[in-house]
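So the chains spell out like this:
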Amino acid sequence: LTGLGHFESTMETLRKMGMKPGYTIKAYLEAEEMASAIFSSSVAFCRSGAGSLAELAAHRKPSVLVPYPYAFERHQHANAAEFVAMGAADMIDESEIDSAKLEARLLSWIYDKDRATEAQRALAEWDVPDSVPRILDIVRMAAKT
């Protein structure tokens, strides 16, 4: 996904680089398409906002994360660092991305099945699928006192 504003320039760059078979570039996905894309993927390449990381954890997907460099107090960098520390992601600063480095990182997740399995285990431990009812229980208990 490129976002609507970057689609044409991304496609032009890929044409110049010689886009390899097996990759699909889209400007935007609706919610159902996004869920399907994450579910069917082997590895994700994305920013490291809280919503993205929650989706990656819920679907147990290893990732290559590129923190948004202008996020408030570099919180996306901290988010990505947590996933890297638990063995669920690689991180590349936006200023350091090049096609060879990105491809190598993505392929390392695809071909190293043991590493990917360990990432899935770590994501399962990190994910709290019943967090909303648990938080509500805490709020209800606090309201009674």
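This text follows the structure it describes.
### Some remarks on the packing of aromatic side chains
- Applying the stated criterion across every chain, the model contains 2 aromatic pairs.
- Ring geometry for Tyr68 against Tyr70: centres 5.6 Å apart, planes inclined by 75°, an arrangement best described as edge-to-face.
- Taking relative accessible area as the criterion, Tyr70 reaches 66% and is therefore assigned exposed.
- With centroids separated by 4.9 Å and ring planes inclined at 80°, the aromatic side chains of Phe83 and Trp126 adopt a geometry described as edge-to-face.

### A short note on the packing of helix α3 (residues 50-59) against helix α4 (residues 75-85)
- It is the contact of α3 with α4, at a shortest axis distance of 10 Å, that shows an interaxial angle of 20°. Taken together, α3 and α4 sit at an angle that is classed as roughly parallel. For the pair α3 and α4, the crossing hand works out as right-handed. When α3 is examined against α4, the residues Ala50, Leu53, Leu56 and Ala57 are found in contact with a partner set consisting of Asn79, Ala80 and Phe83.
- When its residues are assigned to classes, the contact of α3 with α4 shows 6 nonpolar, 1 polar and no charged.

### Observations concerning the environment of Glu30
- By the element assignment, Glu30 lies in the loop between α1 (7-17) and α2 (31-40).
- As a C-alpha pair, Glu30 and Leu1 span 29 residues in sequence and 11 Å in three-dimensional space.

### Brief notes about the sheet that holds strand β2 (residues 63-65)
- If you walk across this open sheet you meet the 3 strands as β1-β2-β3, and the pairing is parallel. Looking at the sheet topology across the chains shown, the edges are occupied by β1 (44-46) and β3 (89-91). Adjacent strand axes in the sheet meet at a mean angle of 20° when their direction is disregarded.
- With 3 bridges joining them, β1 and β2 adopt parallel strand pairing.

### Examining the side chain of Thr2
- The residue Thr2 is located in the segment before α1 in this model.
- By relative accessible area, which is 16% here, Thr2 ends up buried.
- A distance of 3.4 Å separates a polar atom in the side chain of Thr2 from the backbone nitrogen of Phe7.
- The residues touching Thr2, leaving out its near neighbours within four places in the chain, are Phe7, Thr10, Ile25, Lys26 and Ala27.

### Digging into the pattern of salt bridges
- Inspection of the entire model under this criterion finds 7 salt bridges.
- For the salt bridge of Arg60 with Asp127, the shortest nitrogen-to-oxygen distance reads 2.9 Å. With Arg60 in the loop between α3 and β2 and Asp127 in the loop between α6 (113-126) and α7 (131-144), this residue pair connects regions lying 67 residues apart in the sequence.
- For Arg140, the salt bridge identified is with Asp137, shortest N-O distance 3.7 Å. Taken together, the residues span about one helical turn, with Arg140 and Asp137 both in helix α7 at a distance of 3 residues.
- Judged by relative accessible area, Asp137 falls into the partly exposed class, the value being 44%.
- What emerges from the salt-bridge pattern is a single network uniting Glu118, Arg121 and Glu125.

Procedures and definitions
- Residues numbered from 1 in each chain as written.
- Predicted model: local features only at pLDDT ≥ 70, side-chain atom pairs only at ≥ 80, totals over all residues.
- Heavy atoms only, no water.
- Phe/Tyr/Trp six-rings, centres within 6.5 Å; stacked < 30°, edge-to-face > 60°.
- Buried < 20%, exposed > 50% of the residue type's maximum accessible area, 1.4 Å probe, protein only.
- Axes fitted to C-alpha atoms, helices over the stretch in contact; angles between N-to-C directions.
- Helix = DSSP H or I, 4+ residues; strand = E, 2+ residues; numbered from the N terminus.
- Parallel < 35°, antiparallel > 145°, perpendicular 65-115°, else oblique.
- Left-handed = near helix turned anticlockwise from the far one by under 90°.
- Contact = heavy atoms within 4.5 Å.
- Nonpolar A, V, L, I, M, F, W, Y, C, P; charged D, E, K, R; others polar.
- Pairing = 2+ DSSP bridges.
- Polar contact = N/O pair within 3.5 Å; in protein donor to acceptor, adjacent residues only side chain to side chain.
- Salt bridge = Lys/Arg side-chain N within 4 Å of Asp/Glu carboxyl O.

Taken by themselves, the reported measurements are silent on function.
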